[in-house]
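Each chain, written out:
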Amino acid sequence: MRELEDRLRDARALFAFLSEPEAPPSRAELVLAMGSQDLNVAGTAVRAFHETRADWLVCSGGFGKDTSGLFPQPEGVLYARHCRNAGVPAERLIVEGRASNSGENFQFSKRLLDERGIRPGTGVIACKPYMAKRARAAGEKQWPEVRWSVFPHFITFEEYLAQGNDMTEVLHLMVGDLQRLRVYSGRFQAPVEVPDSIWLAYERLAADGYDRFVIRGISLDN
């Protein structure tokens, strides 16, 4: 394993690329909160709901690769409880508690809204900072009828860790997410161009041992 500063340099590069902020719309019909181990995302969803004056807030998530065995209840249930406590009207909250990956967040949420006759045209995604690029790519592929954007985070890698997030766990997750941008491109999510410099940083971090969520047995090259 390389020296800490070398690993941090690559971690900062991955984090900045994966979480690159975009301007959210002033108005959206739907906010979709994507469940994860980061419960702070529920607060992001509340801000997105109010700032975009959304009609609906869907809290989506069952037990994923990073929460199975960690949470006593599905991610969506925990998120929704926080959102209600933070003032989101219960009648505007929809809980999806089965999704175990990002594709299912969109597939299962779409199904719930279809059952209610709700067919939004604009949506804002609330997610972990470094999930932003993957989340939008998944939404564009899995639910193309909605024009998606991601509620922005203006935060550095070190600031994110200072919120109580474990560096080793975050690195494992970021490395896995970066790989999936290329591996899932055109199949489960819309294509996202990954610069060579970012891919090399990914390869170095994976070689350092941050590879718990790397998909095995596939080519990692273009």
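Scroll up to find the structure.
Bear in mind the structure is a predicted one, so any value in this text is a computation, not a measurement.

1. Describing the overall build of the chain
A count of helical and extended segments in the chain gives eight helices and five strands. Starting at the N terminus, the α and β elements of the chain follow one another as α-β-α-β-α-β-α-β-α-β-α-α-α. In terms of C-alpha radius of gyration, the chain reaches 17 Å, essentially the compact-globule figure of 17 Å for 222 residues. The dimensions of the chain, computed from C-alpha atoms along their principal axes, are 50 × 35 × 35 Å. Within the chain, the proportion of its 222 residues that are buried is 54%. Put simply, of all contacts in the chain between residues at least 6 apart along the chain, 77% involve residues at least 24 apart. On the chain, roughly 10000 Å² of surface is accessible, and the fraction owed to carbon and sulfur atoms is 50%. Averaged over its 28 positive side-chain charges, the chain has a centre that lies 5 Å from the centre of its 30 negative ones.

2. Concerning helix H8 (residues 196-207)
The first and last C-alpha atoms of H8 sit 16 Å apart over twelve residues, in line with the 16 Å expected at 1.5 Å per residue. Of the positions making up H8, those classed as buried are Ile198, Trp199, Ala201, Tyr202, Leu205 and Ala206. Along the long axis of H8, the arc covered by the buried residues comes to 155°, so they all point the same way. In H8, the exposed positions that point more than 90 degrees away from the buried face belong to Asp196, Ser197 and Ala207. On its buried face, H8 is in contact with helix H1 (4-18) and helix H7 (167-183). Phi turns positive one or two residues past the end of H8, at Gly209, with a value near 110°.

3. A word on the nonpolar core
Counting 27 residues, the largest nonpolar core has Leu14, Tyr130, Phe157, Met174, Val175 and Leu178 as its most contacted members. Contributing elements (two or more residues each) for this core: H1, helix H6 (157-162), H7 and H8. Counting residues per element, this core draws most heavily on H7, at seven residues. The contact partners of Leu14, leaving out residues within four places of it in the chain, are Met174, Val175, Leu178, Ile198, Ala201, Tyr202 and Leu205. In terms of nonpolar packing, the next biggest core, distinct from the first, is built from 20 residues, Ala28, Val41, Val46 and Tyr79 among them.

Conventions adopted
- Residues numbered from 1 in each chain as written.
- Predicted model: local features only at pLDDT ≥ 70, side-chain atom pairs only at ≥ 80, totals over all residues.
- Heavy atoms only, no water.
- Helix = DSSP H or I, 4+ residues; strand = E, 2+ residues; numbered from the N terminus.
- Rg over C-alpha atoms; globule rule 2.2 N^0.38 Å.
- Buried < 20%, exposed > 50% of the residue type's maximum accessible area, 1.4 Å probe, protein only.
- Contact = heavy atoms within 4.5 Å.
- Areas by Shrake-Rupley, 256 points an atom, 1.4 Å probe, with all protein chains shown as cover.
- Lys, Arg positive; Asp, Glu negative; His and termini not counted.
- Charge placed at Lys NZ, Arg CZ, Asp CG, Glu CD.
- Expected span 1.5 Å × (residues − 1).
- Arc of directions from axis to C-beta.
- Core = buried A, V, L, I, M, F, W, Y, C linked by side-chain atoms within 4.5 Å.

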